[in-house]
Amino acid sequence: MKKCKKCNRLGTVKWCGDMRLFMPYKDYVKELIDNDGFSIVDGMYSIYDSCKNPDGCWIDDIISFEIQCPDCGRKYSLFADTYHSWFSFKKYK
Ligand SMILES: [Zn+2]
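Residues numbered from 1 in each chain as written. Predicted model: local features only at pLDDT ≥ 70, side-chain atom pairs only at ≥ 80, totals over all residues.

### Structural notes on the sheet that holds strand 3 (residues 62–68)
Strand pairing within a sheet occurs via backbone hydrogen bonds; the two strands may be parallel or antiparallel. So the rule is basically this: Should DSSP find at least two bridges between two strands, the strands are taken to pair. For helices the rule is a DSSP run of H or I covering at least 4 residues; for strands it is a run of E covering at least 2, with both sets numbered from the N terminus onward. Interaxial angle, 0 to 180 degrees, is taken between N-to-C directions of lines fitted to C-alpha atoms, where a helix line uses only the stretch in contact.
A sheet is described by the order of its strands in space; here 5 strands give the open sequence 1-5-4-3-2, paired in antiparallel fashion. Edge positions in the open sheet fall to strand 1 (13–16) and strand 2 (39–42), since each of these has one partner strand only. Strand-to-strand, the axes of this sheet are offset by a mean angle of 20°, without reference to chain direction. Direction of pairing for strand 1 relative to strand 5 (residues 86–91): antiparallel, over a ladder of 2 bridges. The residue bridging Cys16 from the neighbouring strand is Phe87, located in strand 5.

Have a look at this one:
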C-alpha cells in the first residue's frame, strides 16, 4: 500500500532515549490533529492534557496516544515508556 501525501511527510521516530524531546513530539501530534485533520483513535489520556503531575513527575509509566490519518486510514502511535525513559512515534500495528 502506498503512503498518502500526508503520511509521506510525517516525521516518525523509531526510538528516542531523550524524554526531553517527548513534549515537542506531543505538540507535533497535536498539530497533526488540529491542522491536518488527523483523528484521535484511542488512549487512556487526552493529548490536550499535561503528561506531568504538578510535582513534575510523569503521570504514568506508559503514556500513549493513537491517531489516524484522515486520507488513508493509517494509524500512528506516540508511545512513551517513561519508566525506562524512551519514546517512539510510528505506525501503529
Ligand atoms: Zn495517510
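### Some points on the environment of Arg74
Put simply, the test is: The contact criterion used here is simple: two residues whose C-beta atoms, placed from the backbone, lie within 7 Å are in contact.
Mapped onto the elements, Arg74 comes out in the loop between strand 3 and strand 4 (75–81). Arg74 sits 36 residues away from Phe38 along the chain, and the two C-alpha atoms are 9.9 Å apart. Contact partners of Arg74, with chain neighbours within four places excluded, come to Cys7, Cys69 and Lys91.

### Observations concerning unusual backbone geometry
Unusually for a residue other than glycine, Ser85 sits at a positive phi of about 60°. Residue position: Ser85 is located in the loop between strand 4 and strand 5.

### Quick notes on the nonpolar core
Formally: Note on terminology: a nonpolar core is any set of buried Ala, Val, Leu, Ile, Met, Phe, Trp, Tyr and Cys residues joined through C-beta atoms within 7 Å. Three exposure classes are used, based on other C-beta atoms lying within 10 Å of a residue's own C-beta, which is placed from the backbone: buried for 20 or more, exposed for 12 or fewer, and partly exposed in between.
In terms of nonpolar packing, the biggest core is built from 9 residues, these being Val29, Leu32, Phe38, Phe65, Ile67, Cys69, Tyr76, Leu78 and Phe89. Breaking this core down by element, the ones donating at least two residues are helix 2 (22–36), strand 3 and strand 4. Excluding anything up to four places from it in sequence, Val29 contacts Ile47, Phe65, Ile67 and Leu78.

### What about helix 2?
What counts is decided by this rule: Helix span, as expected, comes to 1.5 Å for every residue beyond the first. Here the arc refers to the directions that run from the helix axis out to each C-beta atom.
Over its 15 residues, helix 2 extends 20 Å from the first C-alpha to the last, a length consistent with the 21 Å expected when each residue adds 1.5 Å. Every buried residue belonging to helix 2 is among Phe22, Lys26, Val29 and Leu32, and all of these are buried. Down the axis of helix 2, the buried set is contained in an arc of 110°. They therefore lie on one face. Of the exposed residues in helix 2, the ones pointing more than 90 degrees away from its buried face are Met23, Pro24, Asp27, Glu31, Asp34 and Asn35. Taken together, the buried residues of helix 2 touch strand 3, strand 4 and strand 5. Gly37 lies just past helix 2 and shows a positive phi near 80°.

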